[in-house]
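# Geometric and topological summary
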Amino acid sequence: KFLVMGQKESVCSTWSSTDGLAWSAAAPTGVPFGSTLTRLQFVNGKVYLIGGGAIGVSENSGLTWSVMPITVNGVSIVLQGLAYGNGLYVVATDGGMIATSPDFVTWTVRATVTMTSEFLCSEFLNGTFVLLMDRLVLTSADGITWTQTTIGVPGDRLQSVAFDGTKYIAVG
């Protein structure tokens, strides 16, 4: 199922499709949609709406939502990215923090990076966590130890990454 959400003047609009071609308006309940919740991600069998101090979680393809605050070391954080792999959730925050959790409740800070912009992509591909921010690519096999690489030329802004079975492809 495909799910698209948008907002205009604090009114949530949602559409769903089973084939990506024919779309119908959906009427979800409990949508935690606000000006800071900006990214829709499907992770570990659930749909997440992220980008604010809380996160929206749907277990039924976006029909009903619950709101879950995310705190690290007792402080509410603003998420910019979420990935899941090898039994571990990885989040990237607006302060440059990268944290992990086995259960989406207890979080451990693993790294902090200097923010040059927002995290634009977070994925688990080919056994590797990948985070993108401008020209910065952060990778980790375990979510704990991170490697930073800068690619492209100044002004590039990497926004998405995929793995085709033989190589990683980043676009922006």
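The structure reproduced in this document is the subject of the present report. (Residues numbered from 1 in each chain as written. Predicted model: local features only at pLDDT ≥ 70, side-chain atom pairs only at ≥ 80, totals over all residues. Heavy atoms only, no water.)

Turning to the pairing of strand β4 (residues 39-43), a few remarks are in order. Only one face of β4 is covered, namely the face carrying R39, Q41 and V43; the face carrying L40 and F42 is uncovered. Direction of pairing for β4 relative to strand β5 (residues 46-50): antiparallel, over a ladder of five bridges. Within β5, the residue paired with Q41 across the bridge is Y48. As consecutive antiparallel partners, β4 and β5 are separated by two residues, and within that stretch N44 has a phi angle of approximately 55°, a positive value. (Buried < 20%, exposed > 50% of the residue type's maximum accessible area, 1.4 Å probe, protein only. Helix = DSSP H or I, 4+ residues; strand = E, 2+ residues; numbered from the N terminus. Pairing = 2+ DSSP bridges.)

Right, let's talk about the environment of L40 for a bit. Relative to the assigned elements, L40 resides in strand β4. It is 9.9 Å that separates the C-alpha atoms of L40 and G62, two residues lying 22 residues apart in sequence. Not counting the four nearest positions on each side in its chain, L40 is found in contact with L3, V4, M5, V47, Y48, L49 and W65. (Contact = heavy atoms within 4.5 Å.)

Phi angles above zero are rare outside glycine, and F104 is one such case at about 70°. If you trace the backbone, F104 turns up in the loop between β12 (97-101) and β13 (108-112). For F104, a relative accessible area of 6% corresponds to the buried category. In this model, N126 sits at a positive phi of 55°, which is unusual for a non-glycine residue. Considering the arrangement of structural elements, one finds N126 in the loop between β14 (121-125) and β15 (128-133).

Across soluble globular proteins, nonpolar side chains show a tendency to be buried alongside one another. Residues Y48, I55, L82, F104 and W107 are the most contacted members of the largest nonpolar core, which totals 16 residues. For this core, the elements supplying multiple residues, two or more each, are β5, β6 (54-58), β10 (79-85), β11 (88-93) and β12. What Y48 contacts, discounting residues up to four positions off in sequence, is R39, L40, Q41, V43, I55, G56, V57, W65, L82, Y89 and F104. Formed by 14 residues, the second largest nonpolar core is a distinct cluster that contains L88, A92, A111 and W146. (Core = buried A, V, L, I, M, F, W, Y, C linked by side-chain atoms within 4.5 Å.)

This is a description of form; function is not addressed.
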